[in-house]
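Notes for the structure review
Okay, here's what each chain looks like letter by letter:
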Amino acid sequence: MNLITPKKALDKIEGVVETKSYINKLKLIKNLYTKGSNTAGEMCVEVGISLPTVNSLLGDLMASGEVIKHGRAESQGGRKPDLYKLADDSFYTISVDINKFRIRTAIYNSSNKAITEAETLKLTLNNDKETFDKICDFILQHKQKSGLPDQKIIAVGISMPGLIDAVHGINHTYLKFGKKSLVENFETRFERKVFLENDARAMTLAEFKFGHNDQYKNVLGIFIGWGIGLGIIIDGKIYQGASGFAGEFSHSPIFESRDITCSCGKKGCLESVSSGTAIVRMAKEAIENDHDSILARLAKENNDEVEPYLVVDAALAGDQRAITILSEAGLDLGRGISILIQLLNPELIIIGGSVAEAKQYLITPIQQALNIYSMAKARENTELALYKLGKEVGLLGGVAVVNEQIFEEVLQ
Ligand SMILES: [Zn+2]
């Protein structure tokens, strides 16, 4: 069945029965794609189709190779019901993880597993059409090299920084050129559905879906790289805000008394004291004061370029000053997070990104600050955890965005 362009496929299908059958099959595929595996009985309840129809459609989908049987579920009394899942080669998605200085891409199968080795292109994000073209060429080359059948690659999921209006497919910060939206431009080049999301929101969605398997419904994802990104999940759904700008946590003016100018031009933003940018500023000062430290040696080995991960490496190697820097950044970040706890009452707060690789050197001061600044009752049921997906979280963000939104335009 045609999954690459469901809208066009529907236009070609004649007859009410055939149309309904196609839509119902999409509903079952979507259910299995988001849940991993399921029984016919559960699908019947979750999708709202009668059991005989579900069984008949599953028969069709198995005959055409999209669905396979996958063992049996636990018995609810009586015979154990069959479990169904999508065949691994049912379809594929391209995931793209863009940050300010490089882009990565890989192709994932219908079980959300990477089946090509991720490729990286170094490039500085801006608003030039040439940059957009380079990104597209790189992704299309990766697709070409994979040798996968074109009609089975159904969508592209893109996670990138910037003020992103995911509903209208607009990035207000990067790759702005011409009159069309960024998603329209990508769809023209890729000739398939493209889903765009802000990187912090996409990564939070990935941790929520693939790292913590939907266990929690109210989740905050805080990702610390050069800046600080925030994704908010409320009642199991990512929260976009009125124009798609929810989660601009980095530029909350909480530390005005410090008199440090932020990348946004204002003073005292959270980013100016506890992001990768802030950590690098403090690290440079520390190196000036002590040229023999582990941190100074690591920086020298990196051609005198201080990057956030170097401070993390130095701390893990026992550098006292690096540990103090992370501790200060963690305490300030924790103070910011305590405001989020008071406002949103989350069950789980996930800390991720390159700076989070410092693990206890960052988590312990964050927890200390939460103990100081948030109300005991509000934080009692809030779990603080490190991200589980590690370096793959960016690419899985692109996959999660497709997983969440695929087929919605015809299913709604
Ligand atoms: Zn700022």
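Residues numbered from 1 in each chain as written. Predicted model: local features only at pLDDT ≥ 70, side-chain atom pairs only at ≥ 80, totals over all residues. Heavy atoms only, no water.

Okay, the domain arrangement of the protein next. For the protein, the domain assignment lists domain 1 (6-86), domain 2 (92-205 + 394-411) and domain 3 (213-387). Using C-alpha coordinates to define each centre, domain 1 is positioned 43 Å away from domain 3. (Domains from an automatic or database assignment.)

Moving on to the sheet that holds strand S7 (residues 153-160). A sheet is described by the order of its strands in space; here 5 strands give the open sequence S6-S5-S4-S7-S10, paired in mixed fashion. Each edge of the open sheet carries a strand with a single partner, namely strand S6 (119-122) and strand S10 (193-198). Between one strand axis and the next, the sheet turns through 20° on average, direction left out of account. Across 7 bridges, strand S4 (residues 92-98) lies against strand S5 (residues 102-109) in antiparallel orientation. Paired with Ile98 across the two strands is Ile103, which belongs to S5. (Pairing = 2+ DSSP bridges. Helix = DSSP H or I, 4+ residues; strand = E, 2+ residues; numbered from the N terminus. Axes fitted to C-alpha atoms, helices over the stretch in contact; angles between N-to-C directions.)

Summarising the metal site, the zinc ion is bound by the protein donors His251 (ND1), Cys262 (SG), Cys264 (SG) and Cys269 (SG), whose distances to it range over 2.0 to 2.3 Å. The coordination sphere of the zinc ion comprises 4 donor atoms, whose angles at the metal cover 103 to 122°; the geometry is tetrahedral. We note that the donor set of the zinc ion lies within a single chain, spaced as H-x10-C-x1-C-x4-C. Remark: Cys262 occurs in the loop between strand S13 (237-238) and helix H8 (271-274) and His251 occurs in the loop between S13 and H8; sequence separation between them is 11 residues. Overall, His251 belongs to the partly exposed group, its relative accessible area being 22%. Exposure remark for Cys262: the relative accessible area of 8% places this residue in the buried category. (Donors = N, O, S within 2.8 Å, 3.2 Å for Na, K, Ca; no water. Tetrahedral: all angles 85-135°; square planar, octahedral: opposite > 155°, others 65-115°. Buried < 20%, exposed > 50% of the residue type's maximum accessible area, 1.4 Å probe, protein only.)

Below, the discussion takes up the environment of Phe186. On the secondary structure map, Phe186 appears in helix H6 (residues 182-190). Spatially, the C-alpha atoms of Phe186 and Val45 are 37 Å apart, while their sequence positions differ by 141 residues. Those residues in contact with Phe186 that lie beyond four places of it in its chain are Phe132, Ile135, Cys136, Ile158, Leu175 and Val194. (Contact = heavy atoms within 4.5 Å.)

Taken in spatial order, the 5 strands line up as S13-S12-S11-S14-S15 in an open sheet, and their pairing is mixed. Among the strands making up the open sheet, the edge pair consists of S13 and strand S15 (383-386). Of the strand pairs in this sheet, strand S11 (residues 219-224) and strand S14 (residues 348-352) are connected by 5 bridges, and their pairing is parallel. Looking across to S14, one finds that Leu220 is bridged to Ile349. Helix H7 (residues 199-211) contacts S11, strand S12 (228-234), S13 and S14 of the sheet and is inclined by roughly 50° relative to S12.

Counting residues in hydrophobic clusters, the biggest one holds 98 residues, and the most contacted among them are Leu28, Ile222, Phe249, Leu333, Ile337 and Ile351. The element that contributes the greatest number of residues to this core is helix H12 (residues 320-344), accounting for 8 residues. Not counting the four nearest positions on each side in its chain, Ile222 is found in contact with Ile228, Gly229, Leu230, Phe249, Leu333, Ile337, Leu340, Ile349, Ile350, Ile351 and Gly352. With 29 residues, the next largest nonpolar core counts Ile139, Leu175, Phe186 and Val194 among its residues. (Core = buried A, V, L, I, M, F, W, Y, C linked by side-chain atoms within 4.5 Å.)

Positive phi outside glycine occurs at Leu175, with the angle close to 55°. Here Leu175 lies in the loop between strand S9 (170-171) and H6. Even without being a glycine, Lys359 presents a positive backbone phi close to 45°. Note that Lys359 resides in the loop between S14 and helix H13 (360-373).

What follows is about a nonpolar patch on the surface. Residues Ile234, Tyr239, Ile339, Leu343 and Leu344 make up a contiguous nonpolar surface patch of about 450 Å² in total accessible area. Top contributing element to the nonpolar patch by residue count: H12, with 3 residues. Using a relative accessible area of 34% as the deciding quantity, one classes Ile234 as partly exposed. (Patch = residues over 30% accessible without salt bridge, like charges linked within 9 Å, V, L, I, M, F, W, Y side chains within 5 Å. Areas by Shrake-Rupley, 256 points an atom, 1.4 Å probe, with all protein chains shown as cover. Salt bridge = Lys/Arg side-chain N within 4 Å of Asp/Glu carboxyl O.)

Relative to the 28 Å expected for 20 residues at 1.5 Å per residue, helix H2 (residues 16-35) spans 28 Å between its end C-alpha atoms, a close match to the ideal helical length. Buried residues of H2: Tyr22, Asn24, Lys25, Leu26, Leu28, Ile29, Lys30, Asn31, Leu32 and Tyr33, and no others. Looking one or two places after H2, you find Gly36, whose phi comes out positive at around 90°. (Expected span 1.5 Å × (residues − 1).)

Turning next to helix H15 (residues 393-405). Given a rise of 1.5 Å per residue, 13 residues ought to cover 18 Å, and the 18 Å separating the end C-alpha atoms of H15 matches this to within 8%. With respect to burial, H15 is a largely interior element, 12 of its 13 residues being buried. The set of residues buried in H15 consists of Val393, Gly394, Leu395, Leu396, Gly397, Gly398, Val399, Ala400, Val401, Val402, Asn403 and Glu404.

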